[in-house]
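The primary structure of each chain is shown beneath.
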Amino acid sequence: MAHKLAFIGFGGVGQGLAEIIQTKGTWLQKQFGMDFKIVSISDLYKGSLHHSEGLDIDKVLQALKKDGTLDSYPETKGLVRGWDNITTIEKSNADTMVEITFTDVNTGQPAIDHCKKAFNSGKNAVLTNKGPIALAYQELNEIAEANNVCFSFEGTVMSGTPAIRMPLTSLVGNDIKEIRGILNGTTNYMLTKMEAGMDFDDALKEAQAKGFAEADPTSDIEGYDVLYKVVILANVIMNADLKKEDVVCEGISSLTREDMNRAEQENKKWKLIGKVKNENGQINATVSPEMLPEEDPLSGISGALNAITYECDLSGPVTLIGAGAGIPETGFALLIDLINLERNNL
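Since we're looking at a predicted model, the values are computed, not measured. (Residues numbered from 1 in each chain as written. Predicted model: local features only at pLDDT ≥ 70, side-chain atom pairs only at ≥ 80, totals over all residues. Heavy atoms only, no water.)

Peer 1: Just give me the short version of the pairing of strand β1 (residues 3-8), but keep the residues and values in it.
Peer 2: Taken residue by residue, a regular strand's side chains alternate between the two faces of the sheet. Most of β1 is tucked away, with six of its six residues classed as buried. Because side chains alternate across β1, one face comprises the buried residues H3, L5 and F7, and the other comprises K4, A6 and I8, equally buried. Judged from the six bridges that link them, β1 and strand β2 (residues 36-43) form a sheet pairing that is parallel. Its bridge partner lying in β2, K4 is registered against K37. Chirality of the crossover, the property in question, places the unit of β1, helix α1 (residues 12-32) and β2 among those that are right-handed. (Buried < 20%, exposed > 50% of the residue type's maximum accessible area, 1.4 Å probe, protein only. Helix = DSSP H or I, 4+ residues; strand = E, 2+ residues; numbered from the N terminus. Pairing = 2+ DSSP bridges. Right-handed = clockwise from strand over helix to strand, strands pointing away.)

Here it is, written out as structure tokens:
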């Protein structure tokens with residue numbers, strides 16, 4: 001039986017996942033017996049489509065290429081147009097909502113409301129938005145459990161690199177006392193350039209030119225992006241109940257050429273580190289630039305890569321390195337969640 005999907009939001013990541021399902025669909029069926037079918041798409045700007053028996057992904061993507069909307073998708077018997085996001089969530093026959101709207105990270109909206117509506121409609125939810133997990137994880141998890149549905153969000157910390165699933169599955173049985181990570185590719189890229197002699201402003205301009213940094217880079221350079229990821233790690237991996245206000249946060253904008261020279265003289269590297277630590281049962285979290293010695297596995301992470309180290313009592317420190325952003329990578333993060341949802345239902 002097909003696993004039916006409703007896409008709420010259909011930007012680059014949503015289209016990336018649709019293309020993955022299109023290109024790997026036959027292989028997923030043969031290899032895992034999984035058949036993912038998109039029955040609904042709703043996007044504030046592109047329009048909406050629903051067909052209970054499934055939409056034609058080729059024709060969806062062709063319509064988008066034509067004028068950036070879903071308007072030219074061909075009429076077929078049973079096709080419904082014009083549903084807004086909430087109506088789509090309520091009325092779609094999807095098993096799972098894929099929530100990939102543009103969401104305000106400060107409020108978690110509209111994704112929080114979309115998740116609540118999905119759970120109360122008996123639908124699973126997978127998402128890559130940090131806001132709902134950082135701001136409302138406990139509440140959303142309780143609603144999902146009360147409705148006997150699943151709630152997955154692998155892509156919220158390191159995109160397609162399994163920074164959440166690995167500690168919850170492969171490292172289970174360990175007591176994880178500390179989590180330390182380079183969780184923002186923009187700042188790591190800038191610090192790599194600054195080590196090579198570039199000043200802060202030029203490093204930022206280059207990061208923007210390469211698409212690593214937004215036009216307004218505040219969330220990256222002041223550490224707020226990492227702050228939200230640290231809250232997610234603390235609450236999901238270490239069962240804390242941290243709020244964003246509990247995290248001491250400092251970005252990289254105050255680092256100077258003198259700081260870079262000092263690190264070079266001491267054979268160290270500056271990195272923006274998000275840290276969660278269990279200190280005698282108290283979970284504390286920080287975001288700040290740190291000078292790391294050469295022997296620290298995080299010190300060698302250069303460019304836009306991300307990395308995270310879990311300090312485990314049995315296996316010792318385990319470091320995971322990978323991309324922390326990107327459309328294919330984030331689409332893959334959603335696919336990880338969908339595959340594991342389906343595995344749990346088999």
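Okay, back to it.
Peer 1: Give me helix α12 (residues 257-265): which residues, what numbers.
Peer 2: Within α12 the residues assigned to the buried category are D259, M260 and A263. With its buried residues spanning 100° around the axis, α12 presents them on a single face. Exposed side of α12, more than 90 degrees from the buried face: E258, E264 and Q265 are the residues found there. Tucked into the core, α12 has its buried residues touching α8 (185-195), β10 (268-279) and β11 (282-293). Phi turns positive one or two residues past the end of α12, at N267, with a value near 60°. (Arc of directions from axis to C-beta. Contact = heavy atoms within 4.5 Å.)

Peer 1: Give me the packing of aromatic side chains: which residues, what numbers.
Peer 2: Considering all chains together, one arrives at six aromatic pairs under this definition. Between W27 and F32, the aromatic rings sit 5.4 Å apart at their centres with planes inclined by 90°, giving edge-to-face as the arrangement. In this structure W27 comes out as partly exposed when scored by relative accessible area, which is 42%. Since its relative accessible area comes to 27%, F32 is described here as partly exposed. (Phe/Tyr/Trp six-rings, centres within 6.5 Å; stacked < 30°, edge-to-face > 60°.)

Peer 1: Any details on the nonpolar core? Residues and values, ideally.
Peer 2: Note that soluble globular proteins tend to have their nonpolar side chains buried in a common cluster. One finds F119, F151, I179, V276, I308 and Y310 to be the most contacted residues of the largest nonpolar core, which totals 67 residues. If one sorts the elements of this core by residue count, helix α11 (residues 224-237) sits on top with 10 residues. The contact partners of Y310, leaving out residues within four places of it in the chain, are A163, M166, P167, L171, I176, E178, I179, G316, P317 and V318. Membership of the second largest hydrophobic core comes to 30 residues, among which are L64, L79, I100 and L335. (Core = buried A, V, L, I, M, F, W, Y, C linked by side-chain atoms within 4.5 Å.)

Peer 1: Can you lay out the layout of surface pockets for me, pointing to particular residues and giving the numbers?
Peer 2: Taken as a whole, the largest pocket spans an internal volume of roughly 1400 Å³. Lining of the largest pocket is provided by 42 residues; of these, K130, E214, D220, D225 and A325 occupy positions nearest its centre. When residues of the lining of the largest pocket are traced back to their parent elements, those giving at least two are α1, α5 (130-146), α6 (155-158), α8, α10 (218-221), α11 and α13 (327-345). If you tally residues by element for the lining of the largest pocket, the top one is α11, at five residues. Of the residues assigned to the lining of the largest pocket, the class counts are 14 nonpolar, 20 polar and eight charged. Each pocket or cavity is described by its volume, and for the second largest pocket that value is around 390 Å³. (1 Å grid on protein atoms, 1.4 Å probe; cavity = no way out; pocket = protein on both sides within 12 Å on 5 of 7 lines; lining within 4 Å. Points joined across faces, edges and corners; volume = space filled by probe spheres on them. Nonpolar A, V, L, I, M, F, W, Y, C, P; charged D, E, K, R; others polar.)

Peer 1: A description of the sheet that holds β2 should follow, citing residues and the corresponding values.
Peer 2: One open sheet holds the seven strands; their spatial order is β4-β3-β2-β1-β5-β6-β7, and the pairing between them is mixed. Bordering the open sheet on either side are β4 (80-81) and β7 (151-152), each of which pairs with just one other strand. As paired elements, β1 and strand β5 (residues 96-99) share four bridges and run parallel to each other. Paired with A6 across the two strands is M97, which belongs to β5.

Peer 1: I'd like a rundown of empty space enclosed by the protein, residues and numbers included.
Peer 2: Taken as a whole and judged by the stated rule, the model has one cavity of 30 Å³ or more. Counted as a void, the largest cavity has a volume near 30 Å³. Lining the largest cavity, in full, are F10, A18, I38, I41, L55, I57 and V60.

Peer 1: Outline the environment of D67, listing residues and values.
Peer 2: One can find D67 in helix α2 (residues 57-67). Looking at D67, the relative accessible area reads 45%, which means it is partly exposed. Sequence separation between D67 and L171 is 104 residues, and the spatial gap between their C-alpha atoms is 47 Å.

Peer 1: Describe the pairing of strand β12 (residues 306-312), and please don't skip the residues or the numbers.
Peer 2: Burial within β12 is extensive, with six of its seven residues counted as buried. Bridge analysis of strand β8 (residues 176-182) against β12 gives six bridges, and the strand direction is antiparallel. When the sheet's bridge partners are listed, I176 is paired in β12 with C312. What sits between β12 and strand β13 (residues 316-322) in their antiparallel hairpin is a turn of three residues.

Peer 1: Before we move on, can you summarise α11 with the specific residues and values?
Peer 2: Note on helix geometry: an α-helix contains 3.6 residues per turn, so any two residues three or four positions apart are oriented the same way. The end-to-end C-alpha separation of α11 is 20 Å, in line with the 20 Å expected for 14 residues at 1.5 Å each. Burial runs high along α11: 13 of the 14 residues are buried. Count one or two residues on from α11 and you reach N239, which has phi positive near 55°. (Expected span 1.5 Å × (residues − 1).)

Peer 1: Before we move on, could you go through the side chain of T101 and cite the residues and values that matter?
Peer 2: Within the secondary structure layout, T101 lies in the loop between β5 and α4 (111-120). Residue classification places T101 among the buried positions, given a relative accessible area of 11%.

Peer 1: Run through the sheet that holds β11, naming residues and quoting values.
Peer 2: Ordered by their spatial adjacency, six strands build an open sheet running β9-β11-β10-β8-β12-β13, and the pairing between neighbours is mixed. Because the sheet does not close on itself, it has two edges, and the strands there are β9 (248-249) and β13. Sheet topology note: the β10/β11 ladder contains 12 bridges and is antiparallel. For K275, the partnering residue across the bridge sits in β11 and is T286. Packed on one face of the sheet, α8 meets β8, β10 and β12 and runs near 145° to β10. Sheet contacts for α12: β10 and β11; angle to β10, the most-contacted strand, approximately 85°. (Axes fitted to C-alpha atoms, helices over the stretch in contact; angles between N-to-C directions.)

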